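Fold and contact review
Read off the chains here:
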Amino acid sequence: MLKVDKVVKEFNGFRAVDECSFEVKKNTITGLIGPNGAGKTTMFNLIAGSLKADQGEVYFSDQKVNSFAAYKIARLGLARTFQIPKTLKKMTVLENLMLVPGGQSGENIWNSWFKSSKVKAEEKENESRAYRVLKFLELTHVADVLAANLSGGQKKLLELGRALMADPELILLDEPGAGVNPTLLNKIAKNILKLKEKGKTILLIEHNMDLIMNICDRVIVMNDGKHLVDGTPAEVKSNPRVLEAYLGEKTA
Ligand SMILES: Nc1ncnc2c1ncn2[C@@H]1O[C@H](COP(=O)(O)OP(=O)(O)OP(=O)(O)O)[C@@H](O)[C@H]1O
Ligand SMILES: [Mg+2]
């Protein structure tokens, strides 16, 4: 479903991602872990097309996408959430969701004058999709609340909701559990598992090791921009190189 091949990204000569390669198989939950600054979020930006790789290739659904614009990759079926939620605070939860799918007829001024019935039908469909997403995330009761007034955890759920609006095949989640209380974290974990049941593929950055160990099929570890190891959660947990990376010790 996703293949990253020797990808390099430098910022002012600093290698944030350094010849990193890995694969994500269809209909799996794959964890992407590593210490702060390991290059995980940069890797998401490279996959989603919001950054361009200096070297290397990214393949999504057997297509080479590393020169594609972000919107084009999104249309191929990729959605992502951001480490810091990008909700629009002065809009309601429902409005935040309805904004997501691009290319609606209503966005074109001529369409809104001449094709009003088509625009209305699309808006209706968009709204019912938003309500389905709210129901899935158990957020229906806050549909009309301004996003600014949501709790931190609810903002995380809304962020997930925005990713689900386009019904993507591959979902990149950047720390969905950060700052979320244990009950809500459980709910997020269940939702991610439900997405897998629906046939979706999930790549998940997370520092909460319980979440990683409980829901991931495989775990990829990044360190200093490089792919360090990957394996099942149990394999990765017991790998001394992973412990070393986290503790910042070098035994070799
Ligand atoms: N736009 C940028 N300009 C310059 N340096 C950047 C930029 N984005 C990221 N970096 C640097 O690249 C490195 C990797 O950052 P990145 O955000 O990918 O780490 P991360 O693994 O997501 O860390 P965390 O777990 O703390 O979120 C860091 O040293 C960071 O300072
Ligand atoms: Mg990050």
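Residues numbered from 1 in each chain as written. Chains lettered and ligands numbered in written order. Predicted model: local features only at pLDDT ≥ 70, side-chain atom pairs only at ≥ 80, totals over all residues. Heavy atoms only, no water.

**Brief notes about the site of ligand 1**
- Within the structure, ligand 1 sits among 14 residues, and Asn36, Lys40, Thr42, Gln83 and His207 are positioned closest to it.
- At 2.8 Å, a side-chain N or O of threonine 41 approaches an oxygen atom of ligand 1.
- Note that an oxygen atom of ligand 1 is positioned 2.8 Å from one of the side-chain N or O atoms of histidine 207.
- Contact with the protein chains hides 62% of the accessible area of ligand 1, taken as 640 Å² for the molecule alone.
- Of all the secondary structure elements, the ones that give two or more residues to the shell around ligand 1 are strand 2 (14-24) and helix 1 (40-48).
- A per-element tally of the shell around ligand 1 places helix 1 first, with three residues. (Near = heavy atom within 4 Å. Polar contact = N/O pair within 3.5 Å; in protein donor to acceptor, adjacent residues only side chain to side chain. Areas by Shrake-Rupley, 256 points an atom, 1.4 Å probe, with all protein chains shown as cover. Helix = DSSP H or I, 4+ residues; strand = E, 2+ residues; numbered from the N terminus.)

**Looking at the nonpolar core**
- Ranked by size, the top nonpolar core spans 45 residues in total, and within it Ile192, Ile202, Leu204, Ile215 and Val221 carry the most contacts.
- The element that contributes the greatest number of residues to this core is helix 7 (residues 182-197), accounting for six residues.
- Viewed by domain, this core spans two of them, domain 1 (2-87 + 167-247) and domain 2 (89-149), each represented by three or more residues.
- Not counting the four nearest positions on each side in its chain, valine 221 is found in contact with Ile33, Gly34, Lys226, His227, Leu228, Val229, Val236 and Val242.
- By size, the runner-up hydrophobic cluster in this structure holds 26 residues, among which are Cys20, Ala38, Ile73 and Leu78. (Core = buried A, V, L, I, M, F, W, Y, C linked by side-chain atoms within 4.5 Å. Buried < 20%, exposed > 50% of the residue type's maximum accessible area, 1.4 Å probe, protein only. Domains from an automatic or database assignment. Contact = heavy atoms within 4.5 Å.)

**Here's the deal with the pairing of strand 3 (residues 29-33)**
- Of all the five residues making up strand 3, five are buried; the element is thus mostly covered by neighbouring parts of the structure.
- One ladder, built from four bridges, connects strand 3 with strand 8 (residues 201-205); its direction is parallel. When the sheet's bridge partners are listed, isoleucine 29 is paired in strand 8 with isoleucine 202.
- Across four bridges, the pairing between strand 3 and strand 9 (residues 218-223) is parallel. Bridging across to strand 9, leucine 32 finds its partner in isoleucine 220. (Pairing = 2+ DSSP bridges.)

**Description of the domain arrangement of the chain**
- What the domain assignment reports for the chain is domain 1 (2-87 + 167-247) and domain 2 (89-149).
- Here domain 1 and domain 2 have C-alpha centroids that lie 28 Å from each other.
- Together domain 1 and domain 2 conceal approximately 610 Å² of surface at their shared face, both sides included; 52% is due to carbon and sulfur atoms.
- For the domain 1 face of the interface with domain 2, the top three residues by lost area are Thr87, Lys187 and Asn191, together amounting to 64%.
- At the junction of domain 1 with domain 2, the criterion picks out one salt bridge.
- Across the pair lysine 187 and glutamate 138 runs a salt bridge whose closest N-O atoms are separated by 4.0 Å.
- Where domain 1 touches domain 2, the interface holds zero residue pairs in polar contact (both at pLDDT 80 or more).
- Per-class residue counts for the side of domain 1 that touches domain 2 are one nonpolar, two polar and four charged. (Buried area = accessible area lost by both parts, 1.4 Å probe. Salt bridge = Lys/Arg side-chain N within 4 Å of Asp/Glu carboxyl O. Nonpolar A, V, L, I, M, F, W, Y, C, P; charged D, E, K, R; others polar.)

**Re the coordination of the magnesium ion (ligand 2)**
- Donor atoms from the polypeptide that coordinate the magnesium ion (ligand 2) comprise Thr41 (OG1) and Gln83 (OE1), at 2.0 to 2.4 Å from the metal. Separated by 42 residues along the polypeptide, threonine 41 in helix 1 and glutamine 83 in the loop between strand 6 (78-80) and helix 3 (93-98) bring together distant segments of the chain.
- Of the residues examined, threonine 41 reaches a relative accessible area of 26% and is grouped as partly exposed.
- For glutamine 83, a relative accessible area of 35% translates into the label partly exposed. (Donors = N, O, S within 2.8 Å, 3.2 Å for Na, K, Ca; no water.)

**A word on helix 7**
- Taking 1.5 Å of rise per residue, 16 residues should cover 22 Å, and helix 7 covers 23 Å from first to last C-alpha, within 8% of that figure.
- All of the buried residues along helix 7 are Leu184, Leu185, Ile188, Ala189, Asn191, Ile192 and Leu195. Burial along helix 7 is one-sided: seen end-on, the buried residues are contained in an arc of 160°. Summarising the geometry of helix 7, the exposed residues directed more than 90 degrees from the buried face are Pro182, Thr183, Lys190 and Glu197.
- Its buried side turned inward, helix 7 meets strand 3, helix 5 (116-136), helix 6 (152-164), strand 7 (170-174), strand 8 and helix 8 (209-215).
- Capping the start of helix 7, asparagine 181 holds a side-chain oxygen 2.9 Å from the backbone nitrogen of threonine 183, two or three residues further along.
- Phi turns positive one or two residues past the end of helix 7, at glycine 199, with a value near 95°. (Expected span 1.5 Å × (residues − 1). Arc of directions from axis to C-beta.)

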